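# Understanding the architecture of this molecule
As a plain string of letters, each chain reads:
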Amino acid sequence: MGIPVEATRRRGADTVRTQAVLAESISRARQLGETLFRINAFELGLSKWHPQRNPTRMGSRHRQSIKLVVARKPGFQIWELMSDWPRAFRQIAWQLGTRPANRRIFRAFFGLAPFVYVFLYDHCHALPHIRYGENHMSAFQQIIRNNEKAILSGWLSEMSASTRRSDLIDDAELKQQAAELLRLFANSSQNSSDVHSESFASLREFFMEIGKTRMESGFTASETAMFVLSLKQPIFKALRDAPKSNPQELVEEIWMVGNLLDNLALLTVDSAIKFREQTIARQQEELLELSTPVVKLWDGVLALPLIGTLDSARTQVVMELLLSTIVATNSQIAIIDITGVPTVDTLVAQHLIKTITAARLMGADCYLSGIRPAIAQTIVHLGVDLADVQTKAKLSDAFALALSRLGKTVVNVKHAPVSHDLAVRKEF
Amino acid sequence: MKSETFSIATASDVVRVRQVVRVWASELKFNIVDQTKLVTATSELARNTLQHGGGGVMKATVVENGLRKGIQLTFEDHGPGIQNIELAMRDGFTTANGMGLGLSGSKRLVNQFDIKSEAGRGTTVTITRWK
Amino acid sequence: MDRIPILKLGECLLVTIQVDMHDELALSLQEDLTDQIARHASKGVLIDISSLEIVDSFIGRMLANIAAMSRVLDAQTVLTGMQPAVAITLVELGMSLPGIKTALNVERGMELLKAYIERDSELEEASGLEE
């Protein structure tokens with residue numbers, strides 16, 4: 001995985017040449033997209049590199065310059081460049097220290113240790129395209145593509161019986177959805193890892209669609225989310241099985257994929273919830289319409305049976321409906337029946353009075369019927385003034401009154417047929 | 001944001017701003033009752049501006065609150081101002097032989113009502129009606 | 001200045017308000033009506049507002065005044081054709097126009113007026129007989 005860095009062999013070697021060699025190695029590494037370097041252990045010559053004895057050959061303070069010259073001694077072990085240099089040179093020191101003959105070298109090395117690691121580490125990070133995240137994205141995409149079948153089957157088996165809901169969705173459709181999702185996922189994660197960015201737009205749309213259709217079929221929000229989250233295990237497995245240069249890499253990849261899938265699952269849940277809210281709002285509207293019908297009892301007489309509580313919003317609807325029906329049917333009398341209104345408090349009473357006054361202004365009279373004893377008490381207690389409102393206990397009484405106001409009356413017809421059958425027989 | 005200012009200097013101006021607000025409200029597809037309420041409030045406040053404030057301006061703006069749209073009207077005059085706002089907002093209180101329902105009534109007709117007045121400086125009333 | 005036309009229909013006067021009235025027009029209507037009632041000794045006044053889309057407190061007061069003045073002049077007043085939106089707004093505004101008789105349309109209004117006039121004349125006759 002790493003590229004051994006050659007160095008000059010002899011002591012007192014050429015600074016410039018080492019620099020050139022190092023630079024060349026770095027550019028080679030850049031081409032191959034490698035993120036890690038390994039450097040051979042170097043033994044340092046003692047006397048020449050001592051700071052006090054060779055001031056001119058000391059590494060510069062400037063981090064990015066390579067002024068250190070090192071010599072290679074055969075037989076030394078190779079070690080990795082680690083991100084924390086204390087650990088790095090502890091290991092080096094251990095290597096050096098185990099050989100009694102090298103103790104002096106060891107001491108000398110300590111003085112120069114910071115320079116050894118620092119410049120290469122900086123070079124790693126200074127190289128733009130070798131940034132950690134991006135490298136991992138394209139590697140990750142590779143892994144998905146290569147293991148698509150395995151991931152798919154792993155995913156399908158991962159969905160446990162409870163979240164699988166085979167009663168709501170069949171295998172073929174599920175497989176199709178899963179394949180589609182995986183494809184979109186691989187494509188989208190090419191450029192970035194931000195779920196809300198442009199490259200994820202098609203994936204987001206797909207998730208909104210799934211969320212909606214699943215809610216319509218009858219899945220719960222958590223079942224829909226599990227569909228996405230159960231993808232984690234197979235992907236982790238694929239990542240783990242792919243060859244790695246560094247355990248740290250695996251952890252980073254798992255973290256990133258986990259994050260992505262979590263965000264996507266949240267998206268699904270969001271759209272599922274939004275769907276539910278829309279359904280509720282629509283149903284509320286329908287309920288409102290259904291619960292305030294205005295019926296025509298007779299030519300010129302309307303009835304408005306109120307059921308349920310009267311709040312401001314509903315009163316508005318009721319008022320408008322009643323008044324427009326009065327105009328449309330040319331009715332002079334409207335009977336508002338409140339048998340179905342459980343409680344009448346000041347607010348409800350006010351709403352009723354407003355409705356009645358408005359109708360009166362238009363030229364129609366309102367009668368209030370269906371007043372239960374309890375409600376009568378409440379109204380009196382509240383001090384509500386129903387002086388100019390005609391009230392009746394029963395709707396039938398109110399209707400009789402309305403008819404008499406209109407100058408109509410109900411009479412018995414002498415030869416009224418008892419039943420339809422009789423009438424027919426008589427004709428024969 | 002659509003916004004326009006109209007001057008209220010004569011009685012026919014009161015009619016004019018009524019009609020303007022009616023047009024704006026119907027363009028925004030307000031329901032007929034809401035339209036009537038807003039226009040009636042406009043009429044009341046415009047008349048106040050003219051009769052008590054000695055003339056002024058009405059500024060109309062289309063406002064948005066997320067998905068909801070609304071109309072905001074500001075009536076401004078530099079007249080004598082209102083001495084006691086609380087008293088003025090009471091039903092039946094009138095200083096001009098009116099019915100005393102202009103301010104209090106308008107408040108009931110709109111969603112948001114705000115009044116600022118300083119004796120000797122003038123009065124500004126802002127009302128908003130949402131769709 | 002244009003004035004609102006007043007039609008004579010037997011013992012009644014018929015007024016149809018079709019325009020958005022400004023204050024002066026409303027006041028002149030008041031004057032004209034009282035004038036005509038006195039001149040023709042009318043027994044009834046029918047005011048049709050089916051085309052009126054706005055009734056604010058000023059116009060409401062004007063209507064109440066007309067009714068009061070007519071009563072003084074021994075005539076009944078009936079208001080017809082108020083639009084639902086206007087009715088709702090008036091109620092919200094706090095004006096219930098008590099003492100003003102109302103009817104759904106001109107036809108019903110005329111029937112109502114006739115009934116009232118008859119009843120009034122009967123009452124007069126009755127009281128006359130007693131004397």
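Residues numbered from 1 in each chain as written. Chains lettered and ligands numbered in written order. Predicted model: local features only at pLDDT ≥ 70, side-chain atom pairs only at ≥ 80, totals over all residues. Heavy atoms only, no water.

Looking only at helices and strands, one finds 4 helices and 5 strands in chain B. Counted from the first residue to the last, chain B has its helices and strands arranged as β-α-α-β-β-α-α-β-β. Out of the 131 residues in chain B, the part that is buried amounts to 53%. Within chain B, counting contacts between residues at least 6 apart in sequence, those at least 24 apart form 61% of the total. A total accessible area of about 6200 Å² is found for chain B, and carbon and sulfur atoms account for 48% of it. (Helix = DSSP H or I, 4+ residues; strand = E, 2+ residues; numbered from the N terminus. Buried < 20%, exposed > 50% of the residue type's maximum accessible area, 1.4 Å probe, protein only. Contact = heavy atoms within 4.5 Å. Areas by Shrake-Rupley, 256 points an atom, 1.4 Å probe, with all protein chains shown as cover.)

This next bit is on the interface of chain B and chain C. Each partner contributes to the interface: chain B provides 23 residues, whereas chain C provides 19 residues. Where chain B abuts chain C, roughly 1900 Å² becomes buried across the two surfaces, and 59% of that area is made up of carbon and sulfur atoms. Viewed at the interface, chain C and chain B are joined by 6 salt bridges. Its salt-bridge partner being Lys37(B), residue Glu92(C) comes within 3.7 Å of it at the nearest N-O pair. Where chain B packs against chain C, one counts 9 residue pairs in polar contact (both at pLDDT 80 or more). Elements represented by at least two residues in the side of chain B that touches chain C include exactly α1 (11–27), α2 (32–51) and α4 (102–109) of chain B. Sort the elements by how many residues they give to the side of chain B that touches chain C and α2(B) lands first, with 10 residues. (Buried area = accessible area lost by both parts, 1.4 Å probe. Salt bridge = Lys/Arg side-chain N within 4 Å of Asp/Glu carboxyl O. Polar contact = N/O pair within 3.5 Å; in protein donor to acceptor, adjacent residues only side chain to side chain.)

A separate point is the packing of helix α5 (residues 148–158) of chain A against helix α10 (residues 232–241) of chain A. Packed helices, taken two at a time, are described by the angle between their axes plus the distance between the axes. Residue and element names in this part refer to chain A. Contact geometry for α5 and α10: axes closest at 8 Å, N-to-C directions at 145°. Two packed elements cross with a definite hand, and for α5 against α10 that hand is right-handed. Mapping the contact onto sequence places Ile151, Gly154, Trp155 and Glu158 in α5 and Gln233, Pro234, Ile235 and Ala238 in α10. Of the residues assigned to the contact of α5 with α10, the class counts are 5 nonpolar, 2 polar and 1 charged. (Axes fitted to C-alpha atoms, helices over the stretch in contact; angles between N-to-C directions. Left-handed = near helix turned anticlockwise from the far one by under 90°. Nonpolar A, V, L, I, M, F, W, Y, C, P; charged D, E, K, R; others polar.)

At a closest axis distance of 9 Å, the pairing of helix α12 (residues 312–329) of chain A and helix α3 (residues 84–93) of chain C adopts a crossing angle of 135°. Here α12(A) lies oblique to α3(C), going by the angle between them. Classified by chirality, the crossing of α3(C) by α12(A) is right-handed. Note on element contacts: α3(C) touches α12(A) through Pro84(C), Ile88(C) and Glu92(C), opposite Gln316(A), Met319(A), Glu320(A), Leu323(A), Ser324(A) and Val327(A). Taken together, the residues of the contact of α12(A) with α3(C) break down into 5 nonpolar, 2 polar and 2 charged. (Parallel < 35°, antiparallel > 145°, perpendicular 65-115°, else oblique.)

Residues and elements named next belong to chain B. The sheet built from 5 strands is open, its strands ordered β1-β2-β3-β5-β4 with antiparallel pairing. What marks the edges here is a single partner per strand, and that holds for β1 (3–8) and β4 (112–118). The average angle at which neighbouring strand axes cross in this sheet is 15°, direction not considered. Relative to strand β2 (residues 56–65), β1 runs antiparallel, the two being bridged by 6 bridges. Looking at β2, one finds that Glu4 is bridged to Ala60. Strands in contact with α1 are β1, β2 and β3 (68–77); relative to β1, the strand with the most contacts, it is inclined by about 160°. Taken strand by strand, α2 contacts β1, β2, β3 and β5 (122–130), and its axis lies near 15° from that of β3. (Pairing = 2+ DSSP bridges.)

Residue and element names in this part refer to chain C. Summarising burial for strand β2 (residues 12–16): 4 of the 5 residues are buried, a large majority. By the bridge criterion, 4 bridges tie strand β1 (residues 6–9) to β2 in an arrangement that is antiparallel. Pairing of Leu9 across the sheet is with Cys12, part of β2. Turn length for the β1-β2 hairpin, with the two strands adjacent in sequence and antiparallel, is 2 residues, and the turn residue Gly10 shows positive phi of about 70°. Pairing geometry for β2 and strand β3 (residues 44–48), over 5 bridges, is parallel. The residue bridging Leu14 from the neighbouring strand is Leu46, located in β3.

Residues and elements named next belong to chain A. Read from one edge to the other, the open sheet built from 5 strands follows the order β3-β4-β5-β6-β7, with strand pairing classed as mixed. Edge positions in the open sheet fall to β3 (295–298) and β7 (390–392), since each of these has one partner strand only. For this sheet the average axis-to-axis angle between neighbouring strands, irrespective of direction, equals 30°. One ladder, built from 3 bridges, connects strand β6 (residues 365–369) with β7; its direction is parallel. Residue pairing for β7: Leu368 is matched across the bridge by Thr391. Sheet strands in contact with α12 are β4 (301–307) and β5 (333–340), and its direction is about 165° off that of β4.

What the rule picks out here adds up to 0 aromatic pairs over all chains. One Lys or Arg, Lys2(B), reaches over the ring of Trp24(B) and ends 4.4 Å from the middle of that ring. If you follow Lys101(C) out to its NZ or CZ, it ends over the ring of Tyr116(C), 4.9 Å from the centre. (Phe/Tyr/Trp six-rings, centres within 6.5 Å; stacked < 30°, edge-to-face > 60°. Lys NZ or Arg CZ within 6 Å of the ring centre and 35° of its normal.)

Moving on to a nonpolar patch on the surface. Residue and element names in this part refer to chain A. A contiguous nonpolar surface patch, about 320 Å² in accessible area, is contributed by Val295, Leu297, Trp298 and Leu395. For the nonpolar patch, the element with the highest residue contribution is β3, accounting for 3 residues. Relative to the helices and strands, Leu395 is located in helix α15 (residues 395–405). The exposure class of Leu395 is partly exposed, given its relative accessible area of 33%. (Patch = residues over 30% accessible without salt bridge, like charges linked within 9 Å, V, L, I, M, F, W, Y side chains within 5 Å.)

Here we come to a negative patch on the surface. Together, Glu118(C), Glu122(C), Glu124(C) and Glu125(C) line one region of the surface with negative charge. Position of Glu124(C) among the secondary structure elements: in helix α4 (residues 106–130). (Lys, Arg positive; Asp, Glu negative; His and termini not counted. Charge placed at Lys NZ, Arg CZ, Asp CG, Glu CD.)

Tallied over the entire structure, the rule returns 18 salt bridges over all chains. Taking the shortest distance from any N to any O, the salt bridge between Arg18(B) and Asp20(C) comes out at 2.7 Å. Of the two residues, Arg18(B) sits in helix α1 while Asp20(C) sits in the loop between β2 and α1 (23–40), which places them in two different chains. Overall, Arg18(B) belongs to the buried group, its relative accessible area being 1%. Looking at Asp20(C), the relative accessible area reads 26%, which means it is partly exposed. Salt bridges here are not isolated pairs; linked through shared partners, they connect Arg18(B), Arg47(B), Asp20(C), Asp23(C) and Asp56(C).

Glancing now at the nonpolar core. By size, the foremost hydrophobic cluster in this structure holds 102 residues, and its most contacted members are Ile326(A), Ile336(A) and Ile127(B). Per element, the largest residue contribution to this core is 8 residues, and it comes from helix α13 (residues 346–362) of chain A. Not counting residues within four places of it along the chain, the set of residues in contact with Ile336(A) comprises Leu304(A), Leu306(A), Leu322(A), Leu352(A), Thr355(A), Ile356(A), Cys366(A), Tyr367(A), Leu368(A) and Ser369(A). Judged by nonpolar contacts, the second largest core, of 36 residues, contains Trp155(A), Ala178(A), Val257(A) and Leu264(A). (Core = buried A, V, L, I, M, F, W, Y, C linked by side-chain atoms within 4.5 Å.)

Bear in mind that shape data such as this cannot, by itself, settle questions of function.
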